[in-house]
Amino acid sequence: MEKRGTFKASAAALRTRNPIRELIEGLDLRSHPNKQVIPLSIGDPTIFGNLRAADVVNEAVVDAVRSGRANGYPPAVGTEVAREAVAKAANTAIEEAARVARRLSSRHTSGGPTPDKPRNGTHRDWAQTAFTSAAHYEKRDVILASGASHALDLCFSALLDPEDNVLLPSLSFPLYETICAYLGAEVRRYPLDPERGWQATGLEPGGATDRLVDERTVCIVVNNPMNPTGSVYERKHLQDIVEFAERHRLVILADEIYGGMVFHRRHADGSGPVGPLDAPPIGCLARNVPVLTVDGLAKRFLVPGWRMGWILIHDPTPDQQFSVIRRALEGLSMKILGPNSLVQAALPVILSKTSREWYEHVRTTLARQAQFAYEKLSSIRGLHVPSPPHGAMYVLVCLRNNHMSGLEFVQRLMAEESVLVLPGECFGAPPGYFRVTFCAPIDKLSEAFSRIANFCDRHLRAA
Ligand SMILES: *Cc1c(COP(=O)(O)O)cnc(C)c1O
């Protein structure tokens, strides 16, 4: 056979980059020889053993194996039973969010993020209807995927042609950009306000975010609770984002993999929790534009290795204008044939039988660690935490005075103190930020933070 010259990789593969991998591989991350490494870098809640999946969740998979009935090929979009279970769980989460909102609005009717009262109708009608969801899911609205990552890949692939563009938060989970690069789509970053809970800014007509939109803008990505900031957007801000998307007819791509991992509001002095935050799934607020919500078991159920995720399709448009995207998603799911059959078979039990106490235990454990991380890191000379974390597993820390880039800080901290954190540059942050994962138990966090404090004493001047 004739020789055809050198082998080549595809152009799409070559432009697909993972910023975390690239940045980390470029660093010299040798630890201090006499200090044990404390990894506060990767977003895997299982590595310290303090956070464990519920027994009922493990047993559900064991039962699926033992049954011998879950070894075949499931349909590409997932089994009907599993999809039904996901739809039901999503509807329950929406009802729960509405209950929280009603309770908050009846408790303090002034100032809070409550919707405007309509002119007609009694107060009681209003209280009943103000928080009714625009979304109600059925099994046909659910597509299972191999983790939220695969779900994101399906969504972006169904929406984007080369040269279309996407609005991403100015700091975000790097996979979004990796997938968009593969698809040849352009990423446009909308600004966030670090001092105000990392909320999106410039959404108003003529504002900085508003000006990013052109005729090739297809969707806006909202990650709530948010990686890498640990911020949680509440109802009022989510409504502003929905309004923005509706004004521009943009699809909302909601990454809610940390949905439900939201800590309770605290007193202003930081003492004890006072009640839940009003952070509903954004899908239940959208009445004119479609929302694709990505979610999965990885974080909330503490089983990232099981690779179970899903897409929820909410299409409130008249005449189901989104059905072409629905069909596109179904078509694309044929490429991979969905997540493994055992976890699919276990899904109904996982979603319906995990106890309230277990969720509460995880939530309070993470909340305690988050509060500890926030207090300790804020008190270190030379560091600044712009907004405290209210959810997920992360806090984003700023180096005052920017003597060092995030990259340099991470490399030297590892070399001198054997503490590993991620540079903000991995998430698109300007130089001078780093991300801390607070999954580790308090004693480990405590040791890590005193090492960070020593490091900062040596290297950073106070502002
Ligand atoms: C961890 C994470 C995911 C990925 O979830 P998998 O189900 O493990 O693929 C998606 N989005 C964000 C923001 C994450 O932090």
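Small disclaimer: the values here were computed from a predicted structure and weren't measured.

Colleague: Go over the site of the ligand with me, naming the residues and quoting the values.
Modeller: The local shell around the ligand holds 13 residues, among which Ala-148, Ser-149, Asp-255, Tyr-258 and Lys-299 are the closest. Measuring from an oxygen atom of the ligand, one finds a backbone N or O atom of Ala-148 at 2.7 Å. If the ligand stood free it would expose 390 Å²; the protein chains cover 93% of that surface. Of all the cavities here, the one that holds the ligand is the second largest pocket. With 3 residues, the top contributor of residues to the shell around the ligand is helix H6 (residues 147-159).

Colleague: Describe the pattern of salt bridges, listing the residues and the values that go with them.
Modeller: In the structure shown here, the tally under the stated rule is 23 salt bridges. One salt bridge in this structure joins Arg-30 and Asp-28, with 2.7 Å as the shortest N-O distance. Take Asp-28: its relative accessible area is 34%, and that puts it in the partly exposed class. A salt bridge links Arg-326 to Asp-141, with the shortest nitrogen-to-oxygen separation between them at 2.9 Å. A residue pair is termed long-range when its members are at least 10 positions apart, and Arg-326 in helix H9 (residues 323-333) and Asp-141 in the loop between helix H5 (123-129) and strand S2 (142-145) qualify at 185 residues. Like Asp-141, Arg-326 is buried. One salt-bridge network, held together by shared partners, links Lys-35, Glu-416, Glu-417 and Arg-458.

Colleague: So, unusual backbone geometry: which residues are in play, and what are the values?
Modeller: With omega at -15 degrees, the peptide bond leading from Asn-224 into Pro-225 counts as cis. In this fold, Pro-225 is placed in the loop between strand S7 (217-223) and helix H8 (235-248). Here the amide bond leading from Asn-227 into Pro-228 is cis, since omega sits at 15 degrees, within 30 degrees of zero. Following the sequence through the fold, Pro-228 ends up in the loop between S7 and H8. Located in the positive-phi region is Trp-198, a residue other than glycine, with phi close to 55 degrees. By the element assignment, Trp-198 lies in the loop between strand S5 (192-193) and strand S6 (199-200). Residue classification places Trp-198 among the buried residues on the basis of a relative accessible area of 3%. For Leu-302, which is not glycine, the phi dihedral falls at a positive 60 degrees. The topology assignment puts Leu-302 in the loop between strand S11 (291-296) and strand S12 (309-314).

Colleague: Lay out the sheet that holds strand S14 (residues 394-399) with the relevant residues and their values.
Modeller: What holds strands together in a sheet is hydrogen bonding between their backbones, with the strands either parallel or antiparallel. The 4 strands lie next to each other as S13-S14-S17-S16, forming an open sheet whose pairing is antiparallel. The open sheet terminates on both sides in strands that have one partner only, identified here as strand S13 (383-384) and strand S16 (422-423). The pairing of S14 with strand S17 (residues 433-437) spans 5 bridges and is classified as antiparallel. In the sheet register, Leu-396 faces S17, and the bridge partner there is Arg-435.

Colleague: Run through the domain arrangement of the protein, naming residues and quoting values.
Modeller: How big an interface is tends to be stated in terms of accessible area lost as the parts join. Domain assignment breaks the protein into domain 1 (15-50 + 357-459) and domain 2 (80-353). Note on domain 1 versus domain 2: buried area summed over both sides is about 3,000 Å², and carbon and sulfur give 62% of it. Looking only at domain 1, the three residues that lose the most surface to domain 2 are Arg-363, His-390 and Phe-427, adding up to 19% of its buried area. Summed over the shared surface of domain 1 and domain 2, the result is 0 salt bridges. Viewed at the interface, domain 2 and domain 1 are joined by 13 residue pairs in polar contact (both at pLDDT 80 or more). Mapped onto the side of domain 1 that touches domain 2, the elements with two or more residues apiece are helix H2 (19-25), helix H11 (356-379), S14 and S17. Per element, the largest residue contribution to the side of domain 1 that touches domain 2 is 8 residues, and it comes from H11.

Colleague: Please provide a residue-by-residue account of the UniProt feature "modified residue: N6-(pyridoxal phosphate)lysine" (unreviewed entry) in the protein, values included.
Modeller: This chain's UniProt record puts "modified residue: N6-(pyridoxal phosphate)lysine" (unreviewed entry) on Lys-299. Within the element layout of this structure, Lys-299 appears in the loop between S11 and S12. Setting aside its immediate chain neighbours within four residues, Lys-299 contacts Gly-43, Ile-257, Tyr-258, Met-261, Met-393 and Tyr-394. Separated by 3.1 Å, the side chains of Lys-299 and Tyr-258 make a polar contact.

Colleague: Residue-level account of the packing of helix H12 (residues 406-417) against helix H13 (residues 442-459), with values.
Modeller: The geometry of H12 relative to H13 is characterised by a closest axis approach of 10 Å and an angle of 115 degrees between their N-to-C directions. Our classification of the angle between H12 and H13 gives roughly perpendicular. H13 is crossed by H12, and the crossing has right-handed handedness. Counting all contacts with H12, which are made through Phe-409, Arg-412, Leu-413, Glu-416 and Glu-417, the residues of H13 involved are Arg-451, Ile-452, Asn-454, Phe-455, Cys-456, Arg-458 and His-459.

Colleague: For the side chain of Thr-178, give the residues involved together with the corresponding values.
Modeller: Tracing the backbone through its elements, the reader meets Thr-178 in helix H7 (residues 175-183). By relative accessible area, Thr-178 is classed as buried at 11%. Residue contacts for Thr-178: discarding those within four places in its chain leaves Thr-16, Arg-17, Asn-18 and Pro-19.

Colleague: How would you sum up the sheet that holds strand S8 (residues 251-255)? Please name residues and give values.
Modeller: Here 7 strands make up an open sheet; going across it, the order is S2-S12-S11-S8-S7-S3-S4 and the pairing mixed. The sheet terminates laterally at S2 and strand S4 (186-190), the two strands that pair on one side only. Each adjacent strand pair in this sheet contributes to an overall mean axis angle of 25 degrees, direction not counted. In the sheet, strand S3 (residues 165-169) pairs with S7 via 3 bridges, with the strands oriented parallel. Residue pairing across strands places Asn-165 opposite Thr-217, the latter belonging to S7. Packed onto the sheet, H6 meets S2, S3, S7, S8, S11 and S12 and runs at close to 160 degrees relative to S11.

Cut-offs and rules
- Residues numbered from 1 in each chain as written.
- Predicted model: local features only at pLDDT ≥ 70, side-chain atom pairs only at ≥ 80, totals over all residues.
- Heavy atoms only, no water.
- Near = heavy atom within 4 Å.
- Polar contact = N/O pair within 3.5 Å; in protein donor to acceptor, adjacent residues only side chain to side chain.
- Areas by Shrake-Rupley, 256 points an atom, 1.4 Å probe, with all protein chains shown as cover.
- 1 Å grid on protein atoms, 1.4 Å probe; cavity = no way out; pocket = protein on both sides within 12 Å on 5 of 7 lines; lining within 4 Å.
- Sits in = over half its atoms within 2 Å of the grid points.
- Helix = DSSP H or I, 4+ residues; strand = E, 2+ residues; numbered from the N terminus.
- Salt bridge = Lys/Arg side-chain N within 4 Å of Asp/Glu carboxyl O.
- Buried < 20%, exposed > 50% of the residue type's maximum accessible area, 1.4 Å probe, protein only.
- Pairing = 2+ DSSP bridges.
- Domains from an automatic or database assignment.
- Buried area = accessible area lost by both parts, 1.4 Å probe.
- UniProt positions renumbered as here; feature names shortened; annotations may be inferred.
- Contact = heavy atoms within 4.5 Å.
- Axes fitted to C-alpha atoms, helices over the stretch in contact; angles between N-to-C directions.
- Parallel < 35°, antiparallel > 145°, perpendicular 65-115°, else oblique.
- Left-handed = near helix turned anticlockwise from the far one by under 90°.

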